[in-house]
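# Working through the structure, step by step
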Amino acid sequence: MSNDEIFAAAYREHYWAVSRYVARRLDGRTSEVEEVVAEVFTVAWRRRSDLPASPLPWLYGVARNCLSNAVRGYGRRRRLMDRLGNDETAHGRQIVDSPDSERPAEWVHDALARLSPADQEVLRLAAWEELGVDEIAVTLGCGSRAAAMRLHRARRRLRAEIDRMRIVVTPHTGATETETETDLDTGTPKEQFHG
Amino acid sequence: MADELELLRRADPVPGNDPRFGEGPLGHEAEKRLNHLMAGMDEVGERRPGRTRTRLVWALAAGVAVALTVAALLVADPGTAPAVAAPRPLVVRADSTPVPLDALVERAERDAAGGSAGLRKGTHVQSWSVGMSEDEPPITLPVERVVRWNADDSHMELVVATDPRHPGRRVLSDADDGPRLVDDGHVISERTFPPSWSDAPPQSPPPHDATRLRAYLREAQHLDGPPGTRELLDATAVLLDTWTLGARENAALARLLADAKGLRPVGQVTDRLGRLGQAYVYAGAGYRRMLIMDPATGAVLGLEDTAAVDEPEYGVEAGDVMDYSAWIR
């Protein structure tokens, strides 16, 4: 197959995976996903001679760069608007958080948000894109050992944040606050949640 | 007990079966784009060979701004209307002598040796950002942002709409339904954030020697290699949006900037807050960045991004200032 044909096959096979990658990182600004994805494949088209045999991690790497530029480029105005919370989806608040729900809990996003951008990204790649260490290395443009180390450290920090976010329950009887554990099997806080 | 990755996996905001992005045939637009690429109609690469990353950024920003109300604002009473067009860049004083960055580094190091201003987490920045659209003229949104951190690691952020060049005049502000005029000093947001902690840049304290600061900025921007001049200027903005630097950090940053390629001293300017500064220009492809530094202390006062080529589809002309930040101690 020619480079063009390989590119077309990769485009068709991975268009939606790249779209999900972008959507996860645009914090719910769904309307902008298509535009960024178009940019990703435009850049990939120009670099189609570099397309590896397993192109998806490489495409994620291209998307990562496009998003990095995009996020900077939204400027303070966008960042500020996001911080204002006008767009509830920007903070994952569309997610229902209740003991009965099978959907993810908001507090996991809160724990993630407390980490550095680099830690967040390596964790997302592992958990959401379900990449292995070698694939993460391709996406991040680093060696496998470095990727493994980054993932290890990021996991440790996420665990620390989760531990920090254990629930503090104030008993109805008054008196002292008692710390109880989050139900980590369901990912659902049992009681009132203190960040 | 589920481990942290499993918890995160369950919190995937866009799972594989998401109806918007789930696997399936390509949509009409996606098919069309593929056909365009295959036909050699690479819009960005072929039709606009001079485009740069910065321009792409602006193009992305273009998709999100500007409602029809702008047209009304443009024809409003000139006595009360804000300046909506992209403002012009700072003017370098013709009779001024450019000061090499190395000279500023020396001054900054002297200032640092004097043990004056200390590092403080938080920032105070006045910014002007352009919003663009394919159907409406660009608009400039002036915003002042203050972030203060408390001893318990909580912090507050206050954001107001204001343009200090025109005290008392109403200014444009963005809202859900598009830009609108608000009173000078209109509070866009006032929020208090609970304690948070991170040991990673840019949340961790910046070092005050140049080598470590370079590594810090590289990590802050998660770059794969040492920052080039463009990346260094980006990282500078991120750093100053998070920290108010002390004299020692100012000196380290000045050293990095002095070592960067392509920053050319052009002379003295008066910045938008009325402060005297020395200006250094970096010419990228399609854009120009002007770094403004305090001639006495070597502190970065501001950063101005200017379009260097016309972009008629967005109403942008060469010389329009696309983004301007002025940091205040």
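Residues numbered from 1 in each chain as written. Chains lettered and ligands numbered in written order. Predicted model: local features only at pLDDT ≥ 70, side-chain atom pairs only at ≥ 80, totals over all residues.

### Things to note about the overall build of chain A
Condition: Strands are runs of DSSP state E lasting at least 2 residues, helices are runs of H or I lasting at least 4, and numbering of each runs from the N terminus. Field definition: a residue is buried when 20 or more other C-beta atoms are found within 10 Å of its C-beta, exposed when 12 or fewer are, and partly exposed for counts in between, with C-beta atoms placed from the backbone. We call two residues in contact when the distance between their C-beta atoms, placed using the backbone, is within 7 Å.
When helices and strands are tallied, chain A shows 8 helices and 2 strands. In chain A, the order of α-helices and β-strands from amino to carboxyl end is α-α-α-α-α-α-α-α-β-β. When the 195 residues of chain A are sorted by exposure, 42% land in the buried category. At a minimum sequence separation of 6, the contacts of chain A that also span at least 24 residues come to 53%.

### Examining the overall build of chain B
Across its full length, chain B holds 9 helices and 12 strands. Per-residue burial for chain B yields a buried fraction of 41% across its 329 residues. Put simply, 62% of the contacts in chain B that link residues at least 6 apart link residues at least 24 apart.

### Notes on the confidence of the model for chain B
Residues and elements named next belong to chain B. Just so we agree on the cut-off: A score between 0 and 100, pLDDT records how confident the predictor is in each residue.
With 83% of its residues at a pLDDT of 70 or more, chain B shows a mean pLDDT of 81. Predicted confidence for residues 42–85 stays below pLDDT 50, and this span has 94 contacts to residues more than four positions away or in other chains. Under the prediction, the complex receives an ipTM of 0.74, its pTM being 0.52.

### As for helix α7 (residues 133–140) of chain A
All names here are of chain A. Burial runs high along α7: 6 of the 8 residues are buried. Taken as a whole, α7 has its buried residues at Glu135, Ile136, Ala137, Val138, Thr139 and Leu140. Glycine 141 sits one or two residues past α7 and shows a positive phi near 70°.

### Description of the packing of helix α6 (residues 117–127) of chain A against helix α8 (residues 144–164) of chain A
Packed helices, taken two at a time, are described by the angle their axes make and the gap between the axes. Residue and element names in this part refer to chain A. Spelled out, the test is: The axes used here are C-alpha line fits, helices contributing only the stretch in contact, and every angle between their N-to-C directions lies in the interval 0 to 180 degrees. Comment on the angle field: the value is read as roughly parallel under 35 degrees, roughly antiparallel over 145, roughly perpendicular from 65 to 115, and oblique elsewhere. Residues are grouped as follows: Ala, Val, Leu, Ile, Met, Phe, Trp, Tyr, Cys and Pro are nonpolar; Asp, Glu, Lys and Arg are charged; every other residue, Gly included, is polar.
Closest axis-to-axis distance for the α6/α8 pair is 9 Å, and the angle between their directions is 100°. Classed by the angle they form, the pair α6 and α8 counts as roughly perpendicular. Contacts between α6 and α8 pair Asp119, Val122, Leu123 and Ala126 from the former with Arg150, Leu151, Ala154, Arg155, Arg157 and Leu158 from the latter. For the contact of α6 with α8, a count of residues per class yields 6 nonpolar, no polar and 4 charged.

### Examining the packing of helix α7 (residues 210–220) of chain B against helix α9 (residues 247–259) of chain B
Residue and element names in this part refer to chain B. Between α7 and α9, the least distance of the axes is 9 Å, while the angle of their chain directions is 80°. It follows from the interaxial angle that α7 and α9 lie roughly perpendicular. Only Ala252, Leu253, Arg255 and Leu256 of α9 make contact with α7, whose side of the interface consists of Ala210, Leu213 and Arg214. Within the contact of α7 with α9, the residues separate by chemical class into 5 nonpolar, no polar and 2 charged.

### Some words on the pairing of strand β3 (residues 155–161) of chain B
All names here are of chain B. Applicable threshold: DSSP calls a pair of strands paired once it identifies at least 2 bridges connecting them.
Sheet topology note: the strand β2 (residues 139–149)/β3 ladder contains 7 bridges and is antiparallel. Opposite tryptophan 149, over in β3, you have histidine 155 as the bridge partner. Between β2 and the antiparallel strand that follows it, β3, lie 5 residues; aspartate 153 among them carries a positive phi value of about 70°. Direction of pairing for β3 relative to strand β6 (residues 186–193): antiparallel, over a ladder of 7 bridges. Bridge pairing in β6 places glutamate 157 opposite arginine 191.

### Here we look at the nonpolar core
To keep it simple, the criterion reads: The term nonpolar core means buried Ala, Val, Leu, Ile, Met, Phe, Trp, Tyr and Cys residues held together as one set by C-beta atoms within 7 Å.
Counting 59 residues, the largest nonpolar core has Leu253(B), Ala254(B), Leu257(B), Leu291(B), Met293(B) and Val300(B) as its most contacted members. The dominant element in this core, judged by the number of residues it contributes, is α9(B), at 7 residues. Not counting chain neighbours up to four residues away, the residues in contact with Leu257(B) comprise Leu101(B), Leu232(B), Leu263(B) and Leu291(B). Within the second largest apolar cluster, 50 residues are counted, among which are Ala111(A), Ala127(A), Leu131(A) and Leu7(B).

### Points about the pairing of β2(B)
As paired elements, strand β1 (residues 120–131) of chain B and β2(B) share 10 bridges and run antiparallel to each other. Directly across from Gln126(B), in β2(B), lies its bridge partner Glu144(B).

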